[in-house]
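Chain by chain, the residues run as shown.
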Amino acid sequence: MQRTRFGDMACSIARTLDVIGEPWSPLILRDVYVGMTRFEQMQQDLGISRKVLTERLKWLVEQEVLERREYSSRPPRFEYVLTGKGAELCDLLMVMVRWGDRWTAGEAGPPVLYRHRACGQIAHVEPCCSACGEPMHATDVDVLPGPGLSR
């Protein structure tokens, strides 16, 4: 059976899933985002096999989501840092956090809190319109054909 190439679809959701659509990639990005940048740290935190972690890190570097940087030459050791593309994907993860905190956290509440550096308050991501600044949810938009839509 041949795997569907989501990256070839004329759909931004499908193309994003092509990059981070399997379960380990968002968790690897989360770890790098919070400062676990070394292979051993990620493996220990995630409980992921070395083989799978190696494959996922290689893919994320190839997709220019992470950058592999040498931090020791003897022996050679590398860490992974977010690129601009990767940092922007973390914004997507913040939206996932909001949904997970609301619908899956249970009575215990969210496992972590997010303090907004600009105001110092504990907050969650709230999607806003880039044109007018008003809150923007799926029920507030009309989906229209864009210039990249295949005909």
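Bear in mind the structure is a predicted one, so any value in this text is a computation, not a measurement.

Where do I start with the overall build of the protein in this structure?
In terms of regular secondary structure, the protein is built from 5 helices and 2 strands. For the protein, the spread of C-alpha atoms along the three principal axes comes to 55 × 45 × 30 Å. Among the 151 residues that make up the protein, the fraction classed as buried is 23%. A total accessible area of about 11400 Å² is found for the protein, and carbon and sulfur atoms account for 54% of it. Put simply, the protein has 19 plus and 20 minus side-chain charges, and the middle of one group is 6 Å from the middle of the other.

Mind showing me how you'd approach the side chain of Thr37 here?
Position of Thr37 relative to the elements: it lies in the loop between helix H2 (24-33) and helix H3 (39-46). With residues up to four places along the chain from it excluded, the contact list for Thr37 reads Val32, Met42, Glu79 and Tyr80.

Quick question: what am I supposed to make of the pairing of strand S1 (residues 66-73) here?
A regular strand places its side chains on the two faces of the sheet in alternate fashion. Bridge count between S1 and strand S2 (residues 76-82): 7 bridges; the pairing is antiparallel. Bridging from a neighbouring strand, Ser72 pairs with Arg77 of S2. The turn linking S1 back onto S2 is made up of 2 residues.

How should I be thinking about the environment of Asp101 in this particular structure?
Tracing the backbone shows Asp101 in helix H5 (residues 84-103). On the basis of relative accessible area, Asp101 is assigned to the partly exposed category, the value being 28%. Separated by 23 residues in the primary sequence, Asp101 and His124 have C-alpha atoms spaced 9.4 Å apart. Setting aside anything within four residues of it in sequence, one finds Asp101 in contact with Pro110, Pro111 and Val112.

Is there a simple way to think about a nonpolar patch on the surface in this case?
A cluster of nonpolar side chains, contributed by Phe6, Met9, Ile13 and Leu17, occupies part of the molecular surface with about 350 Å² of accessible area. Considering the arrangement of structural elements, one finds Ile13 in helix H1 (residues 12-20).

Quick question: what am I supposed to make of the pattern of salt bridges here?
Between side chains of opposite charge, a pair can form when the charged atoms approach closely. Per the counting criterion, the structure on display carries 8 salt bridges. Measuring nitrogen to oxygen at the nearest pair gives 2.9 Å for the salt bridge that ties Glu40 to Arg50. Taken as a pair, Glu40 in helix H3 and Arg50 in helix H4 (residues 50-62) lie far apart in primary sequence, 10 residues in all. In this structure Arg50 comes out as partly exposed when scored by relative accessible area, which is 45%. One network of salt bridges, with partners in common, ties together Arg30, Asp31 and Asp45.

I keep staring at H5 and nothing clicks. Help me out?
Because an α-helix packs 3.6 residues into every turn, residues spaced three or four apart end up facing the same way. Spanning 20 residues, H5 covers 30 Å between terminal C-alpha atoms, matching the ideal 28 Å at 1.5 Å per step. Those residues of H5 that fall on the buried side of the exposure criterion are Gly86, Leu89, Cys90, Leu93, Met94 and Gly100. Against the buried residues of H5 lie H1, H2 and S2.

About the cut-offs
Every chain begins its residue count from 1, and numbering advances along the sequence as written. Where totals are concerned, whole chains, interfaces and linings use all residues; where local detail is concerned, this predicted model gives features only for residues with pLDDT of at least 70, and gives and counts side-chain atom pairs only at 80 or more. Excluded from the side-chain calculations are hydrogens and water; all other atoms, namely the structure's heavy atoms, are used. Counting from the N terminus, the helices are the DSSP runs of H or I reaching at least four residues and the strands are the DSSP runs of E reaching at least two. Partly exposed describes any residue whose relative accessible area lies between the buried limit of under 20% and the exposed limit of over 50%, with all areas from a 1.4 Å probe on protein chains only and scaled to the type maximum. Computed with the Shrake-Rupley method and a 1.4 Å probe, the accessible areas treat only the protein chains shown as cover for residues. By the counting rule applied here, Lys and Arg register as positive and Asp and Glu as negative, while His and the ends of each chain are not counted. Charge positions come from single atoms, namely NZ of Lys, CZ of Arg, CG of Asp or CD of Glu. Whether two residues touch is decided by their heavy atoms; if any such pair falls within 4.5 Å, the residues are in contact. Two strands are counted as paired when DSSP detects at least two bridges linking them. Patch building starts from residues that exceed 30% relative accessible area and form no salt bridge, then joins like charges within 9 Å and nonpolar side chains (Val, Leu, Ile, Met, Phe, Trp, Tyr) within 5 Å. By convention in these notes, a salt bridge is any Lys or Arg side-chain nitrogen within 4 Å of a carboxyl oxygen on Asp or Glu. In this analysis, the expected span of each helix is defined as 1.5 Å times one less than the number of residues it contains.

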